[in-house]
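This is what each chain is made of:
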Protein chains: 4
Amino acid sequence: MSDVSIEQLRHQVWQANMDLERYHLVTFTWGNVSGIDRERGVMLIKPSGVSYSELSAENMVEVSLEDGSVADGQMKPSSDTATHLELYQQFPEIQGIVHTHSTHAVAWAQAGMDIPAFGTTHADYFYGPIACTRALKQQEIDEAYELNTGKVIAEHIDKSQVMAIPGIVVKEHGPFAWGTSPANAVHNAVVLEEVARMALYTLQINAATTPVNQGLLDKHYLRKHGKNAYYGQSTNK
Amino acid sequence: MSDVSIEQLRHQVWQANMDLERYHLVTFTWGNVSGIDRERGVMLIKPSGVSYSELSAENMVEVSLEDGSVADGQMKPSSDTATHLELYQQFPEIQGIVHTHSTHAVAWAQAGMDIPAFGTTHADYFYGPIACTRALKQQEIDEAYELNTGKVIAEHIDKSQVMAIPGIVVKEHGPFAWGTSPANAVHNAVVLEEVARMALYTLQINAATTPVNQGLLDKHYLRKHGKNAYYGQSTNK
Amino acid sequence: MSDVSIEQLRHQVWQANMDLERYHLVTFTWGNVSGIDRERGVMLIKPSGVSYSELSAENMVEVSLEDGSVADGQMKPSSDTATHLELYQQFPEIQGIVHTHSTHAVAWAQAGMDIPAFGTTHADYFYGPIACTRALKQQEIDEAYELNTGKVIAEHIDKSQVMAIPGIVVKEHGPFAWGTSPANAVHNAVVLEEVARMALYTLQINAATTPVNQGLLDKHYLRKHGKNAYYGQSTNK
Amino acid sequence: MSDVSIEQLRHQVWQANMDLERYHLVTFTWGNVSGIDRERGVMLIKPSGVSYSELSAENMVEVSLEDGSVADGQMKPSSDTATHLELYQQFPEIQGIVHTHSTHAVAWAQAGMDIPAFGTTHADYFYGPIACTRALKQQEIDEAYELNTGKVIAEHIDKSQVMAIPGIVVKEHGPFAWGTSPANAVHNAVVLEEVARMALYTLQINAATTPVNQGLLDKHYLRKHGKNAYYGQSTNK
């Protein structure tokens, strides 16, 4: 048995979608969050093009992991559904995924540049640069755009590090972030946007800024996430 | 008969004007929205220089399409009335028009540059670069400034694409956006401001950024707007 | 007799000071507004260093125009009192003055650059570039800093144009704006900050941007302010 | 006896932590404030990783100045505790300390640059440039990261000027600010963020901007802070 019921997950996914507005990550309907129940074989995701004010836990769409069909729900799932499914399939550790068009992360995606790890704010959450993917090829766009977006993301991820760098920007598109739950994925999406903003300003002050050394990256990432983590109230948070 | 009554349109135009503040597109009274009832031969538009807190559906001004005179209302219509009328006349598909001085769109207008289609956020709504018009000539300014502003906008629009790129920036002035209704025009004005902002940041990160390929532009625009659109809950939204 | 009572003016000055927060022009107590009653020979101004939440109409300080002494009130007037008095003395048309440290206007002041008239937003309110003053000389700082700040501002103003360009930035310091009333001065301070922001972004997009031609400046300024003004509901607003 | 009871200090430290959100200095839990009672030999500080909405005066952690152990409280103190303790030890005048990851101050830290005193907003609170520290050496990171962060900060401070320039940015990390109380430290942290923002924009307008002369720095700092201060309602504020 999963440790959360499908109804609890439904509520978590809805809450995480609502938090996109609260954290100023979205304009209109430009974002979606999903959560997964691997044992039941389903993903829950925001319906396509519905404004946040009309969302409820009930209208989160349940999608089969097997074939991407709607398992439960009256509405069409997010148009990005195939991207989410591909990421869940490739990376068994991921339990929640977020896609937004948050302003500064999109700017890095449009510029086609990795977001360098310029400081400890970045290192606290992302254990290295946040990659910008390659652009999709025309054939990839034509044949199965959303699925291939997922595949291109996966190309740029070191499987052993997927949870250590829980986000990416897709070239000419925007950010995806993930985590150990829908809420944790949103948390990482907020950080991604903020470090994208800080990195832009950093380069404006000093265009020659170089990334932090591995030692500082280790220290900050591991004091929050390693087996000897000592940040927060619990041992491993 | 039109499918909305004049009172419904009056309410829509008022609501759309109020939304300019809600979406942070205006300082003071620096923006106006109009709507049109082509069968009745009238346009409804914000009164000139009145603050949003004093607006009501009742004080939207009804202007004759024939000669621009006030058909109904105690107040003077927006000083930009002749620009709106010219656009409605030139482009029969337009059902609502917005003019604002939103910050980032104005910056592109002042810089005299088209806003390139740098990514999918842009492509989702604008099927190509958002043009910056030429400046008005002195004679055009002197003779009929607001009318000629409309004419100069029309010069830069491909008639077959007017609804595919539903906005423009007027050189040294600011943005105009339009749509299938007053609310849809405001929606497009919000997107125009946001993509103007993203494009500025994109160039700051990488001054050599080039626009997206036609293939990605097609994919994103058409998944939302083409006859095979699959974004959102209805077939064609 | 003045057309507003001293109690009305007291209320207007208090309200205008409160509006500095509402319009996001101030951090902490970094701004002050004054109003003048030339017939009664007094200026009313914010008390020094008092937070906006503690302000009331009652604690606006009444200062004598003759010698700058406190004519009525228990509190010390703003430390910038001598600057305000100097401007009122030099320019009889000014009826209200605002000083803030609003972010973008300060940036232009610190950069030591005039804010060019890059577009119609600027031209609607400021009939030409907004000057940046020279820096004060050491002797001017030592002998009578606030008074000399007023004198240096006055140096940069064409007397016949004082109401046509109702603001300035003092080098290495920040903006002053004025108007036909305390509220009108705040209005102009809001515009000054917004055009300062737009001008920064404009240069970031196109560093070679040049100011608008006199013809467009005339058109926009005069359609709002000239004797043939046609913006707004009244003839001359 | 101290002039505030330990319960009063507890409340002050809690209130100052809450103000970090109010002044938009923090994302999530990325900031902490402490206060000190030197006579009782304790520091009070935010618990580690607890969100501001869950904070109360009661869960501020009391830490012994002698050995850094928890003197009172159920929770673990901020992971930055050793940095705070080192600064209190080195600088007896400091009564409150703030650490945040406020966006613009972090950008200067990441860029590795001192924040120049470009204008009077800076000079009103910081009597010279705000230093950016050197980076920590690998050995310093490995052996006692937080303690050595405090030591590196102390290296860059002229002891006689610690209260005259009440803040610093730690290279590749972010800002620390301090003051005569927890609330005053937060006040200085707000100013540090705002002058960091203004300085960035200043350089964007004019990359050749130079710092203000000593004379203007003296005038503004001393009119607020010197023994002849005349800003505000009391003689020395």
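Looking at an unreviewed UniProt entry, one finds chain A named L-ribulose-5-phosphate 4-epimerase and attributed to Celerinatantimonas diazotrophica. Its UniProt record gives chain A the following Cofactor (unreviewed entry) comment, quoted word for word: "Zn(2+)". UniProt's Sequence similarities (unreviewed entry) comment on chain A is quoted here verbatim: "Belongs to the aldolase class II family. AraD/FucA subfamily."

With 33 residues of chain B at the contact, the number on the chain A side is 29 residues. For the pairing of chain B and chain A, the buried interface totals around 2,900 Å² over both sides, and the portion due to carbon and sulfur atoms is 56%. Area buried by chain B at its contact with chain A is led by B:I205, B:Y231 and B:Q233, which between them contribute 23% of it. The interface formed by chain B and chain A holds 2 salt bridges in total. Close ionic contact of B:R223 with A:D80 constitutes a salt bridge, the shortest N to O distance being 3.4 Å.

What follows is about the interface of chain A and chain D. Taken residue by residue, the interface counts 33 residues in chain A and 29 residues in chain D. The contact between chain A and chain D buries some 2,900 Å² in all, and 56% of this surface belongs to carbon and sulfur atoms. The largest share of the area that chain A buries against chain D comes from A:I205, A:Y231 and A:Q233, three residues that together contribute 23% of it. Note that A:R223 and D:E146 form a salt bridge whose closest N and O atoms lie 2.5 Å from each other. At the junction of chain A and chain D, the tally comes to 19 residue pairs in polar contact (both at pLDDT 80 or more). Elements with a minimum of two residues in the side of chain A that touches chain D: α4 (120-123), α6 (182-205) and α7 (214-225) of chain A. Residue contributions to the side of chain A that touches chain D peak at 11 residues, all from α6(A). By residue class, the composition of the side of chain A that touches chain D is 13 nonpolar, 13 polar and 7 charged.

Moving on, we come to the relation of the copies chain B and chain A. The two copies are related by a screw motion: chain B maps onto chain A through a turn of 90 degrees and a shift of 0.0 Å along the axis, at an RMSD of 0.0 Å. These values place the two chain copies in the arrangement generated by a four-fold rotation axis. If distances are taken from each C-alpha of chain B to the rotation axis, the shortest is found for B:Q204, at 5.6 Å. Both copies present different contact surfaces, since only 3% of the interface residues of chain B are interface residues in chain A too.

What follows covers the side chain of D:E146. Structurally, the position occupied by D:E146 is in helix α5 (residues 138-155). A polar atom in the side chain of D:E146 sits 2.6 Å from the side chain of A:Y230. Not counting residues within four places of it along the chain, the set of residues in contact with D:E146 comprises A:K219, A:R223, A:Y230, D:S79, D:D80, D:A82 and D:T83.

Throughout the structure, instances matching the rule amount to 16 aromatic pairs over all chains. On the numbers, 6.2 Å between centres and 70 degrees between planes, the contact of B:F28 with B:W30 is edge-to-face. Both residues of the pair, B:F28 and B:W30, count as buried. Over the ring of A:Y231 we find A:K224, and its NZ or CZ is 4.2 Å from the ring centre.

For the rest of this paragraph, the subject is the pattern of salt bridges. Applying the stated criterion across every chain yields a total of 44 salt bridges over all chains. Ionic pairing is found between B:R10 and B:E62, a salt bridge with its closest N-O pair at 3.3 Å. Taken together, the residues span a long stretch of sequence, with B:R10 in helix α1 (residues 6-22) and B:E62 in strand β3 (residues 61-64) at a distance of 52 residues. In terms of burial, B:R10 and B:E62 fall into one category: buried. The residue B:R134 makes a salt bridge to B:E140 at a minimum N-O spacing of 2.8 Å. Among the ionic contacts, a cluster of salt bridges with common partners joins A:E7, A:R10, A:E62 and A:D72.

With that out of the way, let us pick up the sheet that holds strand β6 (residues 167-170) of chain C. All names here are of chain C. The strand order across the open sheet formed by 7 strands is β4-β3-β2-β1-β5-β7-β6, and the pairing between neighbours is antiparallel. Because the sheet does not close on itself, it has two edges, and the strands there are β4 (70-72) and β6. Taking the axes of each pair of neighbouring strands and ignoring which way they run, one obtains an average angle of 25 degrees across the sheet. Relative to strand β5 (residues 96-100), strand β1 (residues 31-37) runs antiparallel, the two being bridged by 5 bridges. Following the sheet pairing, G35 is matched in β5 by G96.

As a further point, take the relation of the copies chain A and chain D. In summary, the two copies of the chain are related to each other by a rotation about an axis coupled with a shift along it. The two copies are related by a screw motion: chain A maps onto chain D through a turn of 90 degrees and a shift of 0.0 Å along the axis, at an RMSD of 0.0 Å. Comparing contact sets, just 3% of the residues at the interface of chain A also lie at the interface in chain D, consistent with a heterologous contact between different surfaces.

Here the focus is the pairing of strand β5 (residues 96-100) of chain A. Residues and elements named next belong to chain A. Buried residues dominate β5, accounting for 5 of its 5 residues. Residue alternation in β5 divides its side chains into two sets, G96, V98 and T100 and I97 and H99, and both sets are buried. Here β5 runs beside strand β7 (residues 174-179); their pairing, made up of 4 bridges, is antiparallel. Within β7, the residue paired with G96 across the bridge is G179.

Our focus in this paragraph is the UniProt feature "domain: Class II aldolase/adducin N-terminal" (unreviewed entry) in chain A. Mapped onto this numbering, the UniProt entry gives "domain: Class II aldolase/adducin N-terminal" (unreviewed entry) at residues 11-200 of chain A. Secondary structure content for residues 11-200 of chain A is 38% helix and 17% strand, and the end C-alpha separation is 35 Å.

Moving on to the arrangement of the chains. With no contact formed, the shortest span from any C-alpha in chain A to any C-alpha in chain C equals 11 Å. With respect to C-alpha atoms, chain B approaches chain D no nearer than 11 Å, and the pair has no contact.

Residue and element names in this part refer to chain D. Mapped onto the elements of the fold, N32 is located in strand β1 (residues 31-37). Within polar-contact distance, the side chain of N32 engages the side chain of S78 at 3.1 Å. Apart from residues lying up to four places away in sequence, N32 is in contact with N17, L20, K46, Y52, S78, D80, H84, I97, V98 and H99.

Looking now at unusual backbone geometry. Positive phi outside glycine occurs at A:F28, with the angle close to 45 degrees. Here A:F28 is to be found in the loop between α1 (6-22) and β1 (31-37). Accessibility expressed as a relative area gives 16% for A:F28, which makes it buried. A positive phi angle, near 65 degrees, is found at C:E172, a position not held by glycine. As for its placement among the helices and strands, C:E172 is situated in the loop between β6 and β7 (174-179).

Residues and elements named next belong to chain B. The antiparallel open sheet is built from 7 strands, whose spatial order is β4-β3-β2-β1-β5-β7-β6. Bordering the open sheet on either side are β4 (70-72) and β6 (167-170), each of which pairs with just one other strand. The sheet shows a mean angle of 25 degrees between the axes of neighbouring strands, direction not considered. One ladder, built from 2 bridges, connects β3 with β4; its direction is antiparallel.

Procedures and definitions
- Residues numbered from 1 in each chain as written.
- Chains lettered and ligands numbered in written order.
- Predicted model: local features only at pLDDT ≥ 70, side-chain atom pairs only at ≥ 80, totals over all residues.
- Heavy atoms only, no water.
- UniProt positions renumbered as here; feature names shortened; annotations may be inferred.
- Contact = heavy atoms within 4.5 Å.
- Buried area = accessible area lost by both parts, 1.4 Å probe.
- Salt bridge = Lys/Arg side-chain N within 4 Å of Asp/Glu carboxyl O.
- Polar contact = N/O pair within 3.5 Å; in protein donor to acceptor, adjacent residues only side chain to side chain.
- Helix = DSSP H or I, 4+ residues; strand = E, 2+ residues; numbered from the N terminus.
- Nonpolar A, V, L, I, M, F, W, Y, C, P; charged D, E, K, R; others polar.
- Least-squares fit on C-alpha atoms with pLDDT ≥ 70 in both.
- Phe/Tyr/Trp six-rings, centres within 6.5 Å; stacked < 30°, edge-to-face > 60°.
- Buried < 20%, exposed > 50% of the residue type's maximum accessible area, 1.4 Å probe, protein only.
- Lys NZ or Arg CZ within 6 Å of the ring centre and 35° of its normal.
- Pairing = 2+ DSSP bridges.
- Axes fitted to C-alpha atoms, helices over the stretch in contact; angles between N-to-C directions.

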